Amino acid sequence: MTMETVPSDLTGQLLIAMPGMGDPRFHGSVVFLCAHSESGTMGLIVNKQITELSFAEMLAQLEIPSAAPPDFPICFGGPVETGRGFVLHSAEYAPRTRDAAEDGTLRVDTRFSMTATLDVLRDMAEDKGPKQALLALGYAGWGPGQLESEIQRNGWLTCDASPTLVFGQRMDGKWEAALASLGVDPLMLSSEAGHA
């Protein structure tokens, strides 16, 4: 499969790593694109769960009190700034902060937002946070034109992101579900790039 042109704005879309992806850090990945423009791209891997750390343990490490913390998945978000946390969440939520202009939230579209402040974790610990969310440690980043080049070289497919796919699907089934949303059978994919 090849793409003649790459849409100018992929914000709010999913990237699906193709089997021939040269970078092992992205093998089998589904990446939610939080921002895509001429100046670069930022996304979060949403299907590589970190099982060594629970939400409750993260709250304890950050000294955020919680009587009975809900269980939100924590993902390896990407290879950039792996010590930094991001919360990808449903768009109905906005953190309770003193200054709304400084709430640390990127509103991706009408369905998704991303927040990178401790306020969202405090709200989640008190069960006052977003209805749907996942945490990511680190992010994936591309310089100007880099992602477009990788897509044209058959490194990635793109598809629409749905809250069901991003938040509701089991981690180990997201890659297959993302492909299925395009009508692609994973068994039909080869690691060899072909051109029609």
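Criteria and thresholds
Residues numbered from 1 in each chain as written. Predicted model: local features only at pLDDT ≥ 70, side-chain atom pairs only at ≥ 80, totals over all residues. Heavy atoms only, no water. Buried < 20%, exposed > 50% of the residue type's maximum accessible area, 1.4 Å probe, protein only. Helix = DSSP H or I, 4+ residues; strand = E, 2+ residues; numbered from the N terminus. Pairing = 2+ DSSP bridges.

**Describing the pairing of strand 2 (residues 30-37)**
Then step 1. Among the eight residues of strand 2, six are classified as buried, and the element is accordingly described as predominantly covered.
Then step 2. Relative to strand 2, strand 1 (residues 13-17) runs antiparallel, the two sharing three bridges. Counterpart to Ile 16 in the pairing with strand 2 is Val 30.
Then step 3. In this structure, strand 2 lies alongside strand 3 (residues 40-45), joined through six bridges in antiparallel fashion. For His 36, the partnering residue across the bridge sits in strand 3 and is Thr 41.
Then step 4. Connecting strand 2 to the antiparallel partner strand 3 that follows it, the hairpin turn spans two residues.

**What about unusual backbone geometry?**
Then step 1. The phi dihedral of Glu 81 falls on the positive side, at around 50°, and the residue is not glycine.
Then step 2. Inspection of the secondary structure puts Glu 81 in strand 5 (residues 80-90).
Then step 3. Positive phi outside glycine occurs at Asp 127, with the angle close to 60°.
Then step 4. Here Asp 127 shows up in the loop between helix 2 (118-125) and strand 8 (133-142).

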